[in-house]
Amino acid sequence: MMTLIRPQTMTYAQRSGGALDLDLYHPAEGPAPLVLFGYGGGFTKGSKGANVHQPLVQHLCAAGFAVAVPDYRLKTSATDVDADTLTQITRIANRVDKQGWGLKRRLFDVRLFTACEDLSDALRFCRQHSRDMRIAGSKIGMMGVSAGALAGNTLCYAPGVWRAQFDAPDAMVSLCAPVVHPWRIRTDGPPTFILHGRKDRIIPSVASHTTDQTATAAGAPITVIIPPDAPHIGIDTYVLSRRSGTGQHYIDDMVDHLRTHMSVKD
């Protein structure tokens, strides 16, 4: 029976609207490798305390990882960034639009940028406070779902004007989201595992097909899995219960990916 891990809450950043907190789930008394978890909600809803992501968080803890779940700003708008940044965001979003994937604009405009800004600060906070947080090793992984995965993938493969601005995880697991800036995919990017099903009715999987083609052509360390029956809503249940071509559950393939690229021993 899985032991339920309860979190410790800490503030990782201050914004004009107040403090941003994260919940730290730690599976042991001693140090453990850390995975940052980015929840979904279309950048309009969601919270670190929501029950929907608990199965994935608790599974990661059972696999020996500490998990940090940060809140990030939602429903942001043009007034939340300066004029120069808004110009950059608009130019980059226009280029994403030209991909023709049918993504809603709010998934890659100001809301994506501010989520990346916050999750980057959460990564930076964890690296700076690794001793106090009992984090083992020098590498931090990330798992994201939907909007949280869009942000995590952007941290890994950020447009050039943002690359020096954002911290990136050392390894990424992405559920239901592509790399929305495929022209930034490169051979030295963080190893990324993407699962995005054809039954996704919210973020079209054709975008992850583009990610796969671009990564293959560039020789980038991105693995894209597009199961024919994987949905968007309920993806947590899907990866916890369905088996991949390896014969194990998808979640265990993802844990293996994190362990390998975070240099974590079983």
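Preceding block: the structure.
Residues numbered from 1 in each chain as written. Predicted model: local features only at pLDDT ≥ 70, side-chain atom pairs only at ≥ 80, totals over all residues. Heavy atoms only, no water.

Undergrad: Sorry if this is basic, but what is going on with the overall build of the protein here?
TA: On a plain count of helices and strands, the protein comes out with 8 helices and 8 strands. What you see for the protein is a C-alpha radius of gyration of 17 Å, in line with the 18 Å of a compact globule of 266 residues. The principal-axis extents of the C-alpha atoms in the protein amount to approximately 50 × 45 × 30 Å. The burial tally for the protein puts 54% of its 266 residues in the buried class. Long-range pairs, those at least 24 residues apart, make up 73% of the contacts in the protein between residues at least 6 apart in sequence. As presented, the protein carries roughly 11,400 Å² of accessible surface, and 48% of it is formed by carbon and sulfur atoms. (Helix = DSSP H or I, 4+ residues; strand = E, 2+ residues; numbered from the N terminus. Rg over C-alpha atoms; globule rule 2.2 N^0.38 Å. Buried < 20%, exposed > 50% of the residue type's maximum accessible area, 1.4 Å probe, protein only. Contact = heavy atoms within 4.5 Å. Areas by Shrake-Rupley, 256 points an atom, 1.4 Å probe, with all protein chains shown as cover.)

Undergrad: I would appreciate a short explanation of the sheet that holds strand S4 (residues 66-70) in the present structure.
TA: Sheet strands pair by backbone hydrogen bonding; their relative direction is either parallel or antiparallel. Pairing in this open sheet of 8 strands is mixed, and the strands run S1-S2-S4-S3-S5-S6-S7-S8 from one edge to the other. Edge strands, defined here as strands with exactly one partner in the open sheet, are strand S1 (8-15) and strand S8 (222-225). Between one strand axis and the next, the sheet turns by 20° as a mean value, whatever way the strands run. As judged from the 3 bridges shared by strand S3 (residues 32-38) and S4, these two strands associate in the parallel manner. Residue leucine 34 lies in a different strand from S4, and its bridge partner there is alanine 66. (Pairing = 2+ DSSP bridges. Axes fitted to C-alpha atoms, helices over the stretch in contact; angles between N-to-C directions.)

Undergrad: Quick question: what am I supposed to make of the environment of valine 239 here?
TA: By the secondary structure assignment, valine 239 is in helix H7 (residues 235-241). A relative accessible area of 0% places valine 239 in the buried class. The spatial distance from the C-alpha of valine 239 to the C-alpha of isoleucine 225 is 12 Å, given a sequence separation of 14 residues. Residues within four places of valine 239 in sequence aside, it is in contact with Leu56, Leu175, Leu195, His249, Tyr250, Ile251 and Met254.

Undergrad: Whenever I open this one, the pattern of salt bridges confuses me. Can you help?
TA: It is possible for side chains bearing opposite charge to pair when their charged atoms get close. Taken as a whole, this structure holds 13 salt bridges when the rule is applied. Aspartate 170 is paired through a salt bridge with arginine 127; the nearest N and O atoms lie 3.1 Å apart. In this pair, aspartate 170 sits in the loop between helix H5 (160-163) and strand S6 (171-175) while arginine 127 sits in helix H3 (residues 110-128), placing the two residues 43 residues apart along the sequence. Linked by salt bridges that have partners in common, Arg15, Arg73, Glu117, Asp118, Asp121, Arg124, Arg127, Asp167 and Asp170 make up one network. (Salt bridge = Lys/Arg side-chain N within 4 Å of Asp/Glu carboxyl O.)

Undergrad: Explain the pairing of S3 here, please?
TA: Taken residue by residue, a regular strand's side chains alternate between the two faces of the sheet. Most of S3 is tucked away: 7 of the 7 residues are buried. Inspection of the sheet shows S3 paired to strand S5 (residues 135-145) by 6 bridges, in the parallel sense. Within the sheet, the bridge partner assigned to leucine 34 lies in S5 and is isoleucine 140. Following the chain from S3 across helix H1 (residues 54-62) to the adjacent parallel S4, one finds a crossover that is right-handed. (Right-handed = clockwise from strand over helix to strand, strands pointing away.)

Undergrad: How do you make sense of the side chain of aspartate 23 when you look at a structure like this?
TA: With respect to the helices and strands, aspartate 23 occurs in strand S2 (residues 18-25). Looking at aspartate 23, the relative accessible area reads 4%, which means it is buried. When sequence neighbours within four positions are dropped, the list of residues in contact with aspartate 23 reads Pro7, Gln8, Thr9, Lys48, Val67, Ala68 and Val69.

Undergrad: Which parts of the structure should I look at to understand helix H2 (residues 83-97)?
TA: For an α-helix, 3.6 residues make a turn, and residues three or four places apart therefore share a direction. Compared with the 21 Å implied by 1.5 Å per residue over 15 residues, the 21 Å span of H2 between its first and last C-alpha is a close match. Taken as a whole, H2 has its buried residues at Thr85, Ile89, Ile92, Ala93 and Val96. Buried residues in H2, looked at end-on, bunch into an arc of 105°, giving them a common side. When the buried face of H2 is taken as reference, the exposed residues oriented beyond 90 degrees from it are Ala83, Asp84, Thr87 and Arg91. On its buried face, H2 sits against H3 and H5. (Expected span 1.5 Å × (residues − 1). Arc of directions from axis to C-beta.)

Undergrad: How do you make sense of the packing of H1 against helix H8 (residues 250-261) when you look at a structure like this?
TA: Each packed pair of helices is defined by two parameters, the angle between the axes and the distance between the axes. Packing of H1 against H8 leaves a shortest axis separation of 11 Å and a crossing angle of 50°. Looking at the two axes, H1 sits oblique to H8. Considering the relative orientation of H1 and H8, their crossing is right-handed. Contacts between H1 and H8 involve Leu56, His59 and Leu60 from the first element and Ile251, Asp252, Val255 and Leu258 from the second. (Parallel < 35°, antiparallel > 145°, perpendicular 65-115°, else oblique. Left-handed = near helix turned anticlockwise from the far one by under 90°.)

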